[in-house]
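# Coordinate inspection notes
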Amino acid sequence: MAMSVRGEMEKLSVEQLKAVKEQTDLEVNLLQDSLNNIRTATTRLELASSALHDLSLRPTGKKMLVPLTASLYVPGTLQDPDQVLVDVGTGYFIEKNMPQAKDYCDRKINLLKSNFKQLVEVKVLLFVNLFQYFLRLLGLVISLPSFLLIY
């Protein structure tokens with residue numbers, strides 16, 4: 001594939017090369033944002049999985065602070081350490097037992113890691129395209145008559 005991209009790059013004009021570079025830069029930035037979002041979501045799920053483990057070790061009737069938001073906690077009492085509410089997104093929660101909740105977190109973490117790996121592979125291909133762009137541009141500069149080059 002890299003050879004076909006290189007062949008295509010050699011046929012492009014400077015204006016077309018500039019458009020390809022701008023498009024590739026945009027795609028790289030979007031991919032980087034996606035990679036950052038996936039990394040953040042994975043970290044949050046790993047923390048949730050750890051919290052589930054910690055919660056499963058606490059006895060029934062244990063007094064604790066319950067988070068309502070990231071900065072607001074209220075006092076509460078642990079009724080059943082085996083039943084938890086799992087946030088499945090957009091304000092929806094599902095009641096699950098502890099093994100189901102841990103399994104949910106593990107499956108989501110594995111999915112996110114798989115998506116992360118796929119996006120990294122796409123990003124590498126985009127960098128190959130950028131490298132081909134710079135090679136083509138360098139070829140154009142080298143082919144200019146020497147009196148046009150500014151030192």
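Residues numbered from 1 in each chain as written. Predicted model: local features only at pLDDT ≥ 70, side-chain atom pairs only at ≥ 80, totals over all residues. Heavy atoms only, no water.

- As recorded in an unreviewed UniProt entry, the protein chain goes by the name Putative prefoldin, listed as coming from Rosa chinensis.
- Recorded in UniProt for the protein chain, the comment headed Sequence similarities (unreviewed entry) runs: "Belongs to the prefoldin subunit alpha family." (UniProt positions renumbered as here; feature names shortened; annotations may be inferred.)

### Brief notes about the environment of Val-88
- Following the sequence through the fold, Val-88 ends up in strand 3 (residues 83–89).
- Distance from Val-88 to Tyr-104, taken between C-alpha atoms, is 9.4 Å for residues 16 residues apart in sequence. (Helix = DSSP H or I, 4+ residues; strand = E, 2+ residues; numbered from the N terminus.)

### Remarks on unusual backbone geometry
- Not every positive phi belongs to a glycine, and Thr-90 is a case in point at roughly 45°.
- In this structure, Thr-90 sits in the loop between strand 3 and strand 4 (92–97).

### Some thoughts on the environment of Ala-41
- Locating Ala-41 in the fold gives a position in helix 2 (residues 14–56).
- Take Ala-41: its relative accessible area is 23%, and that puts it in the partly exposed class.
- Residues Ala-41 and Leu-112 lie 71 residues apart in sequence; the distance between their C-alpha atoms is 7.8 Å. (Buried < 20%, exposed > 50% of the residue type's maximum accessible area, 1.4 Å probe, protein only.)

### Remarks on the pattern of salt bridges
- Scanning all chains against the criterion turns up three salt bridges.
- One salt bridge connects Glu-46 with Lys-113, and the closest N-O pair in it is separated by 3.6 Å. With a gap of 67 residues between them, Glu-46 in helix 2 and Lys-113 in helix 3 (residues 98–142) connect regions that are remote in the sequence.
- Of the charged contacts in the structure, one is a salt bridge between Asp-103 and Arg-107, with a shortest N-O distance of 3.0 Å. Placement of the pair is Asp-103 and Arg-107 together in helix 3, with a separation of four residues, close to one helical turn.
- Classification of Arg-107 by relative accessible area gives partly exposed; the value is 48%. (Salt bridge = Lys/Arg side-chain N within 4 Å of Asp/Glu carboxyl O.)

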